[in-house]
Amino acid sequence: MNSVRGRRSRFLAATTATAGLLLVAGCSSDGGGSTTVKGVKLVKAGQITTCTHLPYPPFQSEIDGKVQGFDVSLIDLVAKDLGVKQEFIDTPFENFKTGAFLNSGECDLAAAGMTITDERKKNVDFSDPYFDATQAVLVDKKSGITSFADLKGKKVGTQAQTTGEDYATSHGIDPVSFESSDAVLNGLRTGQVQAVIIDYPVVQGWLKDKANADAFQVADNINTGEQYGFSVKKGNTALLDAINKALTDAKADGTYKTLYEKWIGPYDEAASSASPSASASPSPSDPAASTPSDSTTPTDAVSASVSAS
């Protein structure tokens, strides 16, 4: 910044001071490690810290030391808008229901293929819905199970603290609870359970692996009216607005469709048409409410995750 004499010098000095204030407002630090970027307060300078639960392909899983997936890609868009990078903390799924890691200031947001429900809204604020989900019943091809009704009296596996587990228990099933999606699949593979209930996109990912496709099949697909959302600490409207803007922009410019096809499969227009008003929890009759490498395909991601179980 060059200075000149006289009134022009005083004017530039004042202009420089104003610019400096604007820069501080755009990216400031409170001295405790947190920072404010474009009006959004982040728990750590230079990054948006995402709480997630691994593995949960195709939404998030760790391959070759890097967390990747559909959720990851969408939050990368938020990070890009803010001019920061995305970092992750792997935490038990029950923390997403309570908002514990958000309230403690360890994470800025939670992204974990999480269904928006009225119960969870008591503890966290949700973004606009970004994905419509159903529950699938996956069984061994030799099981003889052809529908949800056939599960009565059978050993059924679910992932702990998820809406699939809620759906099972609310329909008279006492499920075997597993900590992760990998463990759910392994339970079916090893005969610990005869069927599993879990989000259909997860099952889609599993069945891209030939060994799984040869052994298992979808016996039923249950439309529970679920929609996924990202969550933030209650009252964190600035970050919520940033997330919603990134989602809106991605759907408008085709980025959402590209990412959907990369991680989920054939694009369903309905998946991107959900509005904030559609984010209510499922009806009482269905109370269920659970930076990618360019060279890595969803199939590669799922295979790597499954083989690690």
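Below you will find a few notes about this structure. (Residues numbered from 1 in each chain as written. Predicted model: local features only at pLDDT ≥ 70, side-chain atom pairs only at ≥ 80, totals over all residues. Heavy atoms only, no water.)

Right, let's talk about the sheet that holds strand S13 (residues 195–199) for a bit. Spatially, the 5 strands line up as an open sheet ordered S12-S11-S13-S10-S14, and their pairing is mixed. Only two strands of the sheet have a single neighbouring strand rather than two, namely strand S12 (176–178) and strand S14 (216–228). Here the average twist between neighbouring strands, direction ignored, is 25°. With 2 bridges connecting them, strand S11 (residues 156–159) and S13 associate as parallel partners. Residue Val 156 lies in a different strand from S13, and its bridge partner there is Ala 195. (Pairing = 2+ DSSP bridges. Helix = DSSP H or I, 4+ residues; strand = E, 2+ residues; numbered from the N terminus. Axes fitted to C-alpha atoms, helices over the stretch in contact; angles between N-to-C directions.)

The alternating pattern of S11 places Val 156 and Thr 158 and Gly 157 and Gln 159 on opposite faces, both of which are buried. Where S11 and S12 come together, 3 bridges link them in parallel fashion. Bridge pairing in S12 places Gly 157 opposite Val 176. Between S11 and its parallel partner S12, the chain crosses via helix H6 (residues 163–170), and the hand of that crossover is right-handed. (Buried < 20%, exposed > 50% of the residue type's maximum accessible area, 1.4 Å probe, protein only. Right-handed = clockwise from strand over helix to strand, strands pointing away.)

Counted by the stated rule, this structure contains 15 aromatic pairs. Consider the rings of Tyr 56 and Phe 59, whose centres lie 6.1 Å apart with planes at 25°: the pair is stacked. For the pair formed by Tyr 56 and Phe 59, the shared burial category is buried. When the ring of Phe 59 is compared with that of Phe 70, the centres are 6.3 Å apart and the planes differ by 65°; the resulting orientation is edge-to-face. Highlighted residues: Phe 59 in the loop between strand S4 (47–52) and strand S5 (61–63) and Phe 70 in helix H2 (residues 70–82), separated in sequence by 11 residues. Classification of Phe 59 by relative accessible area gives buried; the value is 0%. For Phe 70, a relative accessible area of 0% gives the class buried. Lys 251 extends its terminal NZ or CZ atom over the ring of Tyr 256, reaching a point 5.4 Å from the ring centre. (Phe/Tyr/Trp six-rings, centres within 6.5 Å; stacked < 30°, edge-to-face > 60°. Lys NZ or Arg CZ within 6 Å of the ring centre and 35° of its normal.)

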